[in-house]
Amino acid sequence: MASRVAIVCLLGTALAIAACDTASPGNEQANGQAEVASSDEVPATSAPKADKIDRSHKGEAAPDVSFTPAAGGAATTLAAFKGKPVLVNLWATWCAPCVKEMPTLDAAAQALGDRVPVLAISQDMEPAKATAFLAERKFTHLKPYLDAKLGLSTGYGANLPTTILYGADGKEIWRVTGDMDWTGAEAKKLLAEAA
């Protein structure tokens, strides 16, 4: 019995390592299981360029999936944000590229202000980890939400991080899979499409 448990643990570890392949050339997607202790320990990855932005879902409505505010309160959906552009970021504490881009995403949220809310929707199955992470890092401009059932990442078929811009009409404009410097020139050009 103990050997079966050991085999299952080893297989799980191997799958987790294989899933977060940030070192492969051209790999702009990352999805791993190792929890990141601090942003200083996050490995460097290449950010996608604007010509690699996925526009194949342009015009699609968001999945009808509910998620809850990290501070508590009633569940909501992306349809509730219709009427103004919204930037949705799917992330998790165990996702190194997610953690790496989070400070620049918070800075972008500050620059965008109320004009374009930036929803940071955690895909952690343990919401307490996400809320502790956010409190420790003191991100003050992101609007944090929890999706412990992974409804959005499953609905999108997305790896993490995935960031999606919706227009005021509630329709998708573009999405980026992988980390990006959201304060850089390429990101600013993309975010200008929210107007």
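Remember, predicted model here, so these are calculated numbers, not experimental data.

Reading the values: rules and limits
- By convention here, each chain's residues receive numbers from 1 onward along its written sequence.
- This being a predicted model, a pLDDT of at least 70 is required before a residue's local features are given, and a value of 80 or more before pairs of side-chain atoms are given or counted; all residues contribute to the totals for chains, interfaces and linings.
- Hydrogen atoms and water are omitted, and side-chain values are computed over all heavy atoms in the structure.
- Each helix is a run of H or I in the DSSP string that is no shorter than four residues. Each strand is a run of E no shorter than two, and both are numbered from the N terminus.
- Buried residues are those whose accessible area, probed at 1.4 Å on protein chains only, stays under 20% of the maximum for their type, while exposed residues exceed 50% and partly exposed ones sit between those limits.
- We call two residues contacting when some pair of their heavy atoms lies within 4.5 Å.
- Any two strands with at least two DSSP bridges between them are considered paired.
- Note on definitions: angles span 0 to 180 degrees between N-to-C directions of axes, and those axes are lines fitted to C-alpha atoms, for helices only across the stretch in contact.
- Predictor confidence is given residue by residue as pLDDT, running from a minimum of 0 to a maximum of 100.
- A helix is expected to span 1.5 Å multiplied by its residue count minus one.
- Across the chain, bend at a residue is computed as the angle between axes fitted to the seven residues ending at that point and the seven starting from it.

**Here's the deal with the overall build of the chain**
Scanning the chain from N- to C-terminus turns up five helices and six strands. Reading the chain from its N end, one meets helices and strands in the order α-β-β-α-β-α-β-α-β-β-α. Per-residue burial for the chain yields a buried fraction of 43% across its 195 residues. When contacts within the chain are restricted to residue pairs at least 6 apart in sequence, long-range pairs at least 24 apart make up 72% of them.

**Description of the pairing of strand β6 (residues 172-177)**
For a regular strand, the rule is simple: side chains alternate between the two faces of the sheet. Counting buried positions along β6 yields five of six residues, so the element is predominantly enclosed. Between strand β5 (residues 162-166) and the antiparallel strand that follows it, β6, lie five residues; G170 among them carries a positive phi value of about 80°.

**Structural notes on the sheet that holds β5**
Here we have six strands laid out as an open sheet, ordered β1-β4-β3-β2-β5-β6, and mixed in their pairing. The outermost strands of the open sheet, each flanked by one partner alone, are β1 (68-69) and β6. Judged from the four bridges that link them, strand β3 (residues 118-122) and strand β4 (residues 143-146) form a sheet pairing that is parallel. Looking at β4, one finds that A120 is bridged to P144. Where helix α2 (residues 96-112) meets the sheet, its contacts fall on β2 (86-91), β3 and β5, and the angle it forms with β2 comes to roughly 165°.

**Some thoughts on the confidence of the model for the chain**
Residues at a pLDDT of 70 or more form 74% of the chain, whose mean pLDDT is 80. This model gives residues 1-51 a pLDDT under 50, and the stretch forms 63 contacts once residues within four places in sequence are excluded.

**A few points about α2**
Spanning 17 residues, α2 covers 25 Å between terminal C-alpha atoms, matching the ideal 24 Å at 1.5 Å per step. Of all the bends found along α2, the most pronounced is centred on M102 and spans about 40°, while P103, a proline, follows it within four residues. Where α2 is concerned, the buried positions are A96, P97, C98, V99, E101, M102, T104, L105, D106, A108, A109 and L112. Positioned one or two residues after α2, G113 has a phi angle of 60°, which is positive.

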